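# Close look at the chain arrangement
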2 protein chains.
Amino acid sequence: MTATGSLVRERAAAARAAARTLARASTAVKNAALERIAALLEERAAAILEANARDLAYAEAQGLDAAFVDRLTLTPERIRQMAADVRNVASLPDPVGEMFDVRTLPNGLLIGRRRVPLGVIAAIYEARPNVTIDIASLCLKSGNACVLRGGKEAVNSNRALGEVVQAALESAGLPPSAVEVITDPDRAHIDELLQANDLIDMVVPRGGKGLIDYVRAHATMPVVAHGDAVVHIYVDEFADLEMALRVTENAKTQRYSVCNAVDTLLVHAGIAPRFLPALARQWAGRVTLIADDRALAILGPFVSEGLALERATEETWRTEHLALRCGVRIVDTLEEAIAHIERYGSHHTDAILTEHYGRAMQFVEEVDSAAVFVNASTRFTDGAQFGLGAEIGISTDKVHARGPMALRELTSYKWTIFGNGQVRT
Amino acid sequence: MTATGSLVRERAAAARAAARTLARASTAVKNAALERIAALLEERAAAILEANARDLAYAEAQGLDAAFVDRLTLTPERIRQMAADVRNVASLPDPVGEMFDVRTLPNGLLIGRRRVPLGVIAAIYEARPNVTIDIASLCLKSGNACVLRGGKEAVNSNRALGEVVQAALESAGLPPSAVEVITDPDRAHIDELLQANDLIDMVVPRGGKGLIDYVRAHATMPVVAHGDAVVHIYVDEFADLEMALRVTENAKTQRYSVCNAVDTLLVHAGIAPRFLPALARQWAGRVTLIADDRALAILGPFVSEGLALERATEETWRTEHLALRCGVRIVDTLEEAIAHIERYGSHHTDAILTEHYGRAMQFVEEVDSAAVFVNASTRFTDGAQFGLGAEIGISTDKVHARGPMALRELTSYKWTIFGNGQVRT
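Calculation notes
Residues numbered from 1 in each chain as written. Chains lettered and ligands numbered in written order. Predicted model: local features only at pLDDT ≥ 70, side-chain atom pairs only at ≥ 80, totals over all residues. Helix = DSSP H or I, 4+ residues; strand = E, 2+ residues; numbered from the N terminus. Buried ≥ 20, exposed ≤ 12 C-beta atoms within 10 Å, placed from the backbone. Contact = placed C-beta atoms within 7 Å. Domains from an automatic or database assignment. Nonpolar A, V, L, I, M, F, W, Y, C, P; charged D, E, K, R; others polar. Pairing = 2+ DSSP bridges. Axes fitted to C-alpha atoms, helices over the stretch in contact; angles between N-to-C directions. Expected span 1.5 Å × (residues − 1). Parallel < 35°, antiparallel > 145°, perpendicular 65-115°, else oblique. Least-squares fit on C-alpha atoms with pLDDT ≥ 70 in both.

Another point: the environment of Leu-40 of chain A. Residues and elements named next belong to chain A. Secondary-structure assignment places Leu-40 in helix H2 (residues 27–43). Here Leu-40 falls in the buried class, since 20 other C-beta atoms lie within 10 Å of it. Along the chain, Leu-40 and Val-164 lie 124 residues apart, while their C-alpha atoms are 6.1 Å from each other. Residue contacts for Leu-40: discarding those within four places in its chain leaves Val-164, Ala-167 and Ala-168.

As structure tokens, then:
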């Protein structure tokens, strides 16, 4: 099917119409749709994998890199995980209707904020097909309709997943248009979506700087972006050496193709002579280090033991690697580390490893990122890991939502006031 | 002084630089600056009134309407009120550093959201000079710098008020550039501010649809708008008649030039024959009614008793009067009232007057406005009245903040996670 521009607008209009129904759907009905999505993912796993195989064949023919292919790949286990994630969303409390900040004013007015869906969410994202299911299930649970435009490399996977979601909506008695998956790769659709502020309440772009900048410049509705993530770990002079090796190992290698994997290690000069040789032995043959001159001096001898080592450039510090590559720079002070993060970072996730209380607290105070860790792996920046159930993305913006965006971040509220004839004097 | 475009950008850059200091300023220092603003407002009252008199003379020479002149006017009492409002902001809890949603995850990570300032807020607004002080004091308390661009008719008042604020900042040891008041009336400054997304984190336009649409189309940073307010009261068949007269009186006449004054009364046909004659007697000689044909039939006889009466057009229902004028329409059902509000309203403030529990709850459920009242005056939609201390505006948007925007609505948060070596498995 080739959707023309006006067809995309029609599908956004269909989502808008469905949003009114979805906003009032009961928790039970929404959960029934979610349970059905999970069941259909499992029932149709073979067909989904077959669709995904076509996308993978295309990606390999195009010579796309390993990290990209990893993000695009579905496996039986990943499909089982998607289904489990959807069941998990079904198990979460429904945010719609929740009252908060409720109190009685001195004049007797009972006032509170009542959570309501935003309306229609548009998402524009890249390779990972599971994002389609994550966003659809979180929007559904929070009473929002959505228009999803995934990467052109994932069209077959996304079409199969969109069919699962629409079939599940229908079987639960909800309008299938509540989740519109746009699989036509024409980029003009993005422009048309960004113009439709009468139909779409918020757009969430997920991707590189080019995509985010483009969406910000052209969107006529609020944008909450899931942007670049140049992630830092500062290994302080007072870090526990064993913990530092374990946490950096996890932050780089547990899954390297995702946004919360570490990109740059900032190592205090006081611990570098002990930490870097141990790191070199740990990563020899596995992770390429891209080091500044001071770190090179320590790391150089380990090349003969199989360490892949490169010399850093200014560009290194601005790079989100999404690969088994990691920048290393030696700093003389905490302040120098913080200044580096401020200058080169993307305010996504940054961590300090230290046993020094004052330095830990100063790092937390002064590093202005969506997630700031003390003595833990950066890989935890994730809606499920944070106990939010799931996420539609990780906001690198400050307005509306920051960090993992889960159910609450997909709602607004209305002030609700119960009186008995009060007037203002 | 004539600021050129690049000077405006320089002033925004100065605000950006000041924001870093302000974000870390202690509550005591910020409160000292606020107390000093209040004291200087009182000390310099004569000079401020003199500046305001020049603005008023200009407005009268331009033949601007009474509602506009009312909003522009400062009096000794209004200046005292401004000082009292600033002292009230000083007395409010500092939102910065507040931790919320704090919990310990099963893996032992201690996680929470920590409130942080947004950075630099730009506000673009119209006549009322007290808005300059309201926004400056709320931004200061919440650790944000701001760039304020008031109406061209209020330049003398705003310049005098801006000098008060900058003197107070300086005396508290804070950078005066934390509050930049742009008084040059050149409209090109607005375009330049809207392009400066490297310097400004959020823009808050306050005004009519023309201004809001312009800002949305041209802003490159998040917009939270204080837009039109076509405010409805639905007088249900089961309303308490005496309460309905008292609440509508208050909602229209207590201060008619403000956004939360009522614009349209939707009157159930079952109560119209009792309510409208009583309303006609109450408002004869004071408030002009603009009525649909069915209401005209009831109200017509009261013209001889001094009632000013006009026939409504389609345009009536879309009008924010800001004057002693009020639309009146008879409806046959609650659903018809809700459909009218959905079609013509601006989702700002709407009220139902009824003693019928089910209808009250249906109205609250189905009317999707920033503030929804049962049996109380719409005039309460206000940050101070809601117990928030004050407001920089009333958001008619759904993203980030809705309804009165006070201290909390001027903040973001960062996720802060304390671990002891946790890694992701």
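The next subject is the domain arrangement of chain A. Residue and element names in this part refer to chain A. Splitting chain A by domain gives domain 1 (5–227 + 396–418) and domain 2 (232–380). Computed over C-alpha atoms only, the centres of domain 1 and domain 2 are separated by 34 Å. At the interface, seven residues of domain 1 touch nine residues of domain 2. Its residues assigned to classes, the side of domain 1 that touches domain 2 shows one nonpolar, three polar and three charged.

What follows deals with the environment of Leu-322 of chain A. Residue and element names in this part refer to chain A. Within the fold, Leu-322 resides in the loop between strand S10 (309–311) and strand S11 (325–331). Taking the C-alpha atoms as reference points, Leu-322 and Pro-404, 82 residues apart in sequence, are found 19 Å from one another. Apart from residues no more than four positions distant in its own chain, Leu-322 is found in contact with Ala-67, Tyr-256 and Ser-257.

The next point concerns the sheet that holds strand S16 (residues 411–422) of chain A. Within the open sheet, the 10 strands sit side by side as S1(A)-S2(A)-S16(A)-S13(B)-S12(B)-S7(B)-S8(B)-S11(B)-S9(B)-S10(B). Their pairing is mixed. Either end of the sheet is taken by a strand with one partner, and the two such strands are strand S1 (99–104) of chain A together with strand S10 (309–311) of chain B. For this sheet the average axis-to-axis angle between neighbouring strands, irrespective of direction, equals 20 degrees. Looking at chain direction, S1 of chain A and strand S2 (residues 110–117) of chain A are connected through four bridges and run antiparallel. Bridging from a neighbouring strand, Arg-103 of chain A pairs with Ile-111 of chain A of S2 of chain A.

Chain A puts 51 residues into the contact, and the matching count from chain B is 51 residues. Secondary-structure elements contributing two or more residues to the side of chain A that touches chain B are S2, helix H9 (209–218), helix H10 (241–253), strand S13 (371–376) and S16 of chain A. Of all the elements, S16 of chain A adds the most residues to the side of chain A that touches chain B, at 11 residues. Broken down by class, the residue content of the side of chain A that touches chain B amounts to 25 nonpolar, 16 polar and 10 charged. With five bridges connecting them, S13 of chain A and strand S16 (residues 411–422) of chain B associate as parallel partners. Across the sheet, Ala-376 of chain A pairs through a bridge with Gln-422 of chain B, a residue of S16 of chain B.

So, about helix H6 (residues 130–141) of chain A. Residues and elements named next belong to chain A. In this model H6 runs 17 Å from its N-terminal to its C-terminal C-alpha over 12 residues, within 8% of the 16 Å that 1.5 Å per residue would give. With 11 of 12 residues buried, H6 is to be regarded as a mostly interior element. Listed in full, the buried residues belonging to H6 are Val-131, Thr-132, Ile-133, Asp-134, Ile-135, Ala-136, Ser-137, Leu-138, Cys-139, Leu-140 and Lys-141. Summarising the contacts, the buried residues of H6 are in contact with H2, helix H5 (76–91), strand S3 (120–124), strand S4 (145–149), helix H7 (155–171) and strand S5 (179–182). Looking at the residues trailing H6, positive phi occurs at Gly-143, about 80 degrees.

It is worth spelling out the pairing of S5 of chain A at this point. Residue and element names in this part refer to chain A. Residues Val-179 and Val-181 point to one face of S5 and Glu-180 and Ile-182 to the other, with burial holding for every one of them. Across four bridges, S4 lies against S5 in parallel orientation. From the neighbouring strand, Val-147 faces S5, where its bridge partner is Glu-180.

Here the focus is the packing of helix H5 (residues 76–91) of chain B against helix H6 (residues 130–141) of chain B. Residues and elements named next belong to chain B. Interhelical geometry of H5 versus H6 gives an angle of 10 degrees and a closest axis separation of 10 Å. Put simply, H5 runs roughly parallel to H6. Between H5 and H6, the residues in contact are Arg-78, Met-82, Asp-85, Val-86 and Val-89 and Asn-130, Ile-133, Asp-134, Ser-137, Leu-138 and Lys-141, respectively. The residue makeup of the contact of H5 with H6, split by class, is five nonpolar, two polar and four charged.

Moving on: unusual backbone geometry. All names here are of chain A. Despite not being glycine, Asp-101 has its phi angle at roughly 55 degrees, a positive value. The residue Asp-101 is located in strand S1 in this model. By the C-beta count within 10 Å, which is 14 here, Asp-101 ends up partly exposed.

So, about the sheet that holds strand S6 (residues 202–205) of chain B. Pairing between sheet strands relies on hydrogen bonds along the backbone, with the strands arranged either parallel or antiparallel. All names here are of chain B. The strand order across the open sheet built from four strands is S5-S4-S3-S6, with neighbouring strands paired in parallel fashion. Two strands close off the open sheet at either side, each with one partner strand: strand S5 (179–182) and S6. Neighbouring strand axes in the sheet, compared pairwise and without regard to direction, differ in orientation by 15 degrees on average. Note: strand S3 (residues 120–124) against strand S4 (residues 145–149), five bridges, orientation parallel. From the neighbouring strand, Ile-121 faces S4, where its bridge partner is Cys-146. The strands touched by H6 are S3, S4 and S5; relative to S4, the strand with the most contacts, the crossing angle is about 170 degrees.

Our next topic: the environment of Arg-318 of chain A. All names here are of chain A. If you trace the backbone, Arg-318 turns up in the loop between S10 and S11. Residue class for Arg-318 comes out partly exposed when judged on the 17 C-beta atoms lying within 10 Å of it. For the pair Arg-318 and Gly-345, spaced 27 residues apart in the sequence, the C-alpha separation amounts to 7.1 Å. Look past the residues within four positions of Arg-318 in its chain and what remains in contact with it is Val-230 and Tyr-344.

On to the relation of the copies chain A and chain B, then. Rotating chain A by 180 degrees and moving it 0.0 Å along the rotation axis overlays it on chain B with an RMSD of 0.0 Å. What we have between these two chains is a two-fold relation. Looking at the rotation axis and the C-alpha trace of chain A, the residue lying nearest is His-400 of chain A, at 1.9 Å. A symmetric contact is evident, with 100% of the interface residues of chain A recurring at the interface of chain B.

Bringing helix H2 (residues 27–43) of chain B into the picture now. Working note: α-helix, 3.6 residues per turn, so residues spaced by three or four point in the same direction. Residues and elements named next belong to chain B. With 17 residues, H2 should cover 24 Å at 1.5 Å per step; its first-to-last C-alpha distance of 24 Å lies within 8% of that length. Along H2, the residues classified as buried are Lys-30, Asn-31, Ala-33, Leu-34, Arg-36, Ile-37, Ala-38, Leu-40 and Leu-41. The secondary structure elements touched by the buried residues of H2 are helix H3 (45–61), H5, H6 and helix H7 (155–171).

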